[in-house]
Amino acid sequence: MNLKMKYLLLIFVGILFLGACNNKKDSADAYGVFEATEIIVSAENNGKMLVFNAEEGGIYQKGQELGIIDTFQFYLQIKQLESSIRAAMARRPDMPTQVSSLQEKLTALEKERIRTANLVGVNAIEAKRLDDVEAEITITKSQIEATKSNLNMQSQSILEEVEAMRFQKMQLEDALAKCRIKAPITGVVLKKYVEPNELVFHGKPLFKMANIEDMFIRVYVSEDMLSSLKYGQKTDVFIDAEEGQEKKLEGEIVWISPKAEFTPKMIQTKKERVNLVYAVKVMFKNDGSAKIGMPGDVVFK
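Residues numbered from 1 in each chain as written. Predicted model: local features only at pLDDT ≥ 70, side-chain atom pairs only at ≥ 80, totals over all residues. Heavy atoms only, no water.

A. Quick look at the overall build of the chain. When you go through the chain residue by residue, the secondary structure sums to 5 helices and 13 strands. For the chain, the residues scored as buried account for 30% of the 301 residues in total. Expressed as a percentage of contacts within the chain between residues at least 6 apart in sequence, the contacts between residues at least 24 apart total 76%. Roughly 19200 Å² of accessible area belongs to the chain as shown, and the carbon and sulfur atoms make up 55% of that amount. (Helix = DSSP H or I, 4+ residues; strand = E, 2+ residues; numbered from the N terminus. Buried < 20%, exposed > 50% of the residue type's maximum accessible area, 1.4 Å probe, protein only. Contact = heavy atoms within 4.5 Å. Areas by Shrake-Rupley, 256 points an atom, 1.4 Å probe, with all protein chains shown as cover.)

So this is what it looks like as structure tokens:
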């Protein structure tokens, strides 16, 4: 083979290689646009928005604090409840102190019974005196039990009152925590609806976030492809990158539409829009390359 033929062969192989690269996208099984789950975060309390640092287009981590609604009233109510709890606990009866006098009386009566029994044994006094002492012992024991029962009831009533106040305090602490606005997911803020120093109320939307960690692409397939697809099936998701290259991420089919529909206008040409197709949702872990609204390609494995 002469030199000219070698050059022609190399050029031919190069053309085939470039053609294969350029037609890689054409080998995709389906096309779509990247989407993300959107969440609207609303206020859970009423008050003035003292601080609000969320910015449209900003990316924030899950749990990151973005704003604070005025917490002063909740703080005061919590302090008031703490004082009421301390006051209630101070009212609890001191059972040992209040029963001690009756217990001392009982001890003295038991000693008296022994002494009286000895005297009755030698006929120094009448047996009725011993009966009187024993009756008084019985009465004193009843008084001790009644006093303990009454003090226990008082103490239990106070403890239940304190328990109710502690639950109220927990509710206030929960409301206080909800005054701190935090990002519910790791994602990007798409839209903010309030500004610092505005009054907000329970249920008022504050901002909208999109989950950019777990994104998805909704593609459409024809009926003849449907039988080869199943839930949990792995896919390759391709993202257009610089210099005509494509970046590949691993995806998974999480939803297949049970109903056919006409091909969406933004996906196919006018001629192909009359075709009936099925929507398929492919989830994938985004490494930061995919952006909402970017086109993407899917190859089913």
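B. Region of interest: helix H2 (residues 72-90). Given a rise of 1.5 Å per residue, 19 residues ought to cover 27 Å, and the 28 Å separating the end C-alpha atoms of H2 matches this to within 8%. Here H2 has its buried residues at Phe74, Ile78, Leu81, Ile85 and Ala88. The buried residues of H2 occupy an angular sector of 85° when projected down its axis, which confines them to one face. Within H2, the exposed residues directed more than 90 degrees away from the buried face are Gln73, Gln80, Arg86 and Ala90. Its buried side turned inward, H2 meets helix H4 (127-178). (Expected span 1.5 Å × (residues − 1). Arc of directions from axis to C-beta.)

C. Molecular detail of the sheet that holds strand S2 (residues 47-52). Taken in spatial order, the 4 strands make up an open sheet running S5-S4-S2-S7, and their pairing is antiparallel. With partners counted over all chains shown, the strands left at the sheet margins are strand S5 (180-182) and strand S7 (199-200), one partner each. Sheet topology places S2 next to strand S4 (residues 65-69); 3 bridges connect them, and they run antiparallel. Looking at the pairing, Phe52 lines up with Gly67 of S4. (Pairing = 2+ DSSP bridges.)

D. Region of interest: the pattern of salt bridges. With the rule as written, the count across this model stands at 19 salt bridges. A salt bridge links Glu173 to Lys169; its shortest N-O distance comes to 3.9 Å. Here Glu173 pairs with Lys169, and both are found in helix H4, just 4 residues apart, close to one helical turn. The closest approach of N and O atoms between Lys285 and Asp214, which form a salt bridge, is 2.7 Å. (Salt bridge = Lys/Arg side-chain N within 4 Å of Asp/Glu carboxyl O.)

E. A look at the packing of aromatic side chains. Counted by the stated rule, this structure contains 2 aromatic pairs. Judged by centre distance (5.4 Å) and plane angle (65°), the rings of Phe34 and Phe284 are edge-to-face. Of this pair, Phe34 sits in strand S1 (residues 30-42) while Phe284 sits in strand S12 (residues 276-285), and the two are 250 residues apart along the sequence. Both rings, one in Phe52 and one in Phe207, keep their centres 6.1 Å apart while their planes meet at 45°; by these two values the pair is tilted. One end of the pair, Phe52, is in strand S2; the other, Phe207, is in strand S8 (residues 205-221), with 155 residues separating them in the sequence. Residues Phe52 and Phe207 agree in their burial class; the two are buried. (Phe/Tyr/Trp six-rings, centres within 6.5 Å; stacked < 30°, edge-to-face > 60°.)

F. The arrangement of the environment of Ile239 in detail. The topology assignment puts Ile239 in strand S9 (residues 234-240). The class for Ile239 is buried, based on a relative accessible area of 2%. Once the C-alpha coordinates of Ile239 and Ser289 are considered, the two residues, 50 residues apart in sequence, prove to be 7.5 Å apart. Contact partners of Ile239, with chain neighbours within four places excluded, come to Phe34, Gln245, Glu246, Lys247, Leu249, Ser289, Ala290 and Met294.

G. Spotlight on the packing of helix H3 (residues 95-121) against H4. Viewed as axis vectors pointing N to C, H3 and H4 meet at an angle of 165°, and their least axial separation amounts to 9 Å. Considering their axes alone, H3 and H4 lie roughly antiparallel with respect to each other. Seen along the crossing, H3 lies across H4 with a hand that is left-handed. Class assignment of the residues belonging to the contact of H3 with H4 gives a composition of 13 nonpolar, 7 polar and 9 charged. (Axes fitted to C-alpha atoms, helices over the stretch in contact; angles between N-to-C directions. Parallel < 35°, antiparallel > 145°, perpendicular 65-115°, else oblique. Left-handed = near helix turned anticlockwise from the far one by under 90°. Nonpolar A, V, L, I, M, F, W, Y, C, P; charged D, E, K, R; others polar.)

H. Just the packing of H2 against H4, in detail. Interhelical geometry of H2 versus H4 gives an angle of 165° and a closest axis separation of 9 Å. Between H2 and H4, the angle is such that the two are roughly antiparallel. Viewed along their axes, H2 and H4 form a crossing whose handedness is left-handed. Residue-level contacts link Phe74, Tyr75, Gln77, Ile78, Leu81, Glu82, Ser84, Ile85, Ala88 and Met89 of H2 to Ile158, Leu159, Glu161, Val162, Met165, Arg166, Gln168, Lys169, Leu172, Glu173, Ala175 and Leu176 of H4. Residues belonging to the contact of H2 with H4 are distributed by class as follows: 14 nonpolar, 3 polar and 5 charged.

I. A look at H3. Compared with an ideal rise of 1.5 Å per residue, which puts 27 residues at 39 Å, H3 spans 38 Å between its outermost C-alpha atoms and is within 8% of the ideal. The sharpest bend along H3 reaches about 35° and sits at Ser101. Of all the residues in H3, the buried ones are Val99, Leu102, Leu106, Leu109, Thr116 and Val120. Structurally, H3 contributes buried residues whose contacts are with H4. Just downstream of H3 lies Asn123, where phi reads positive at about 60°. (Bend = angle between axes of the 7 residues up to and from the residue.)

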